[in-house]
Amino acid sequence: SLRSQLGIQQLGDTLHLTSARTAEGWQGYLLGMLFAANPSAYETCIVTCLVEGQPETVYQLSDGLKSVGYNCSQSVVSSLIERIKTANTKWTSEAGLFAVLSTVSITGLAKLAKTDVWNDWLPETKYAFCEALRATCVENEAFARSNAEIFVELMTDPAYQVRRSAYRACSEASAELF
């Protein structure tokens, strides 16, 4: 069956992903589509994949997570935030996850902005983070007002692309900061 090919087993009423560490990209894509069709049934599988999955597998979950959007459970959002915190370092980047987070939880994106974890990220990771914040600010005025201070901090980043993105964000969403 499809579930066995994806490494999914049913234990009682819950579906579990048995092989998140070895799952391939195509498995992540199909898992994401199954999650989009039935979020509550595949929630545990998604959480396991976000916590343990390889980057290409997690990336393939993106469409499914975006399809569910703000209806994602708190456990999925928390796992996504934790993945972002642990996968993005001075040496590694999973920058595509910021766009996913902004689609499933702007509150989660705001909480991430208020931490200092992003200070040690690669420039391209901080740029992607800033762009996700900027896009969310343009769409949501209340979010822009409550998170404008992050852009001021990003304006002092050593990387030009990060500073430019922060300035663009302020000019589009929080012009009064200038």
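You'll find the structure just up there.
Values in this document were obtained by computation on a predicted structure and should not be read as measured data.

Turning our attention to the pairing of strand E1 (residues 8-11). One ladder, built from four bridges, connects E1 with strand E2 (residues 14-17); its direction is antiparallel. By the bridge assignment for E2, Leu11 is matched with Thr14. The hairpin formed by E1 and E2 contains two residues between the paired strands, and Gly12 there has a positive phi angle of roughly 70 degrees.

Here we take up the environment of Cys72. Considering the arrangement of structural elements, one finds Cys72 in the loop between helix H5 (62-68) and helix H6 (74-87). With 33 residues separating them along the chain, Cys72 and Ser105 place their C-alpha atoms 8.1 Å apart.

Summed over all chains, the structure comprises four aromatic pairs. Seen in terms of ring centroids, Phe98 and Trp121 are 5.3 Å apart; in terms of plane orientation they differ by 45 degrees. Their pairing is tilted. With Phe98 in helix H7 (residues 97-104) and Trp121 in the loop between helix H8 (106-113) and helix H9 (123-139), this residue pair connects regions lying 23 residues apart in the sequence. We note that Phe98, like Trp121, is buried. Aromatic rings pair up to connect Phe98, Trp118, Trp121 and Phe129 into one cluster.

Mapped onto the elements of the fold, Glu131 is located in helix H9. Exposure remark for Glu131: the relative accessible area of 16% places this residue in the buried category. If near-sequence neighbours (up to four positions away) are discounted, Glu131 is found in contact with Ser165 and Arg168.

This next bit is on H8. Helical geometry note: an α-helix holds 3.6 residues per turn, so side chains three or four residues apart project in the same direction. Among the eight residues of H8, six are classified as buried, and the element is accordingly described as predominantly covered. Taken residue by residue, H8 has Ile106, Gly108, Leu109, Ala110, Leu112 and Ala113 as its buried positions. Looking at the packing, one finds that the buried side of H8 touches H6, H7, H9 and helix H10 (141-154).

What follows concerns the pattern of salt bridges. Side chains that differ in sign of charge can pair as their charged atoms come close. In the structure shown here, the tally under the stated rule is six salt bridges. The partner of Glu94 in a salt bridge is Arg83, and the shortest N-O contact between them spans 2.9 Å. Of the two residues, Glu94 sits in the loop between H6 and H7 while Arg83 sits in helix H6, which places them 11 residues apart along the sequence. This pair shows no difference in class: Glu94 is buried, exactly as Arg83 is. The structure contains a network of salt bridges with shared partners spanning Glu131, Arg134 and Arg168.

Each value, and the rule that gives it
Residues numbered from 1 in each chain as written. Predicted model: local features only at pLDDT ≥ 70, side-chain atom pairs only at ≥ 80, totals over all residues. Heavy atoms only, no water. Pairing = 2+ DSSP bridges. Helix = DSSP H or I, 4+ residues; strand = E, 2+ residues; numbered from the N terminus. Phe/Tyr/Trp six-rings, centres within 6.5 Å; stacked < 30°, edge-to-face > 60°. Buried < 20%, exposed > 50% of the residue type's maximum accessible area, 1.4 Å probe, protein only. Contact = heavy atoms within 4.5 Å. Salt bridge = Lys/Arg side-chain N within 4 Å of Asp/Glu carboxyl O.

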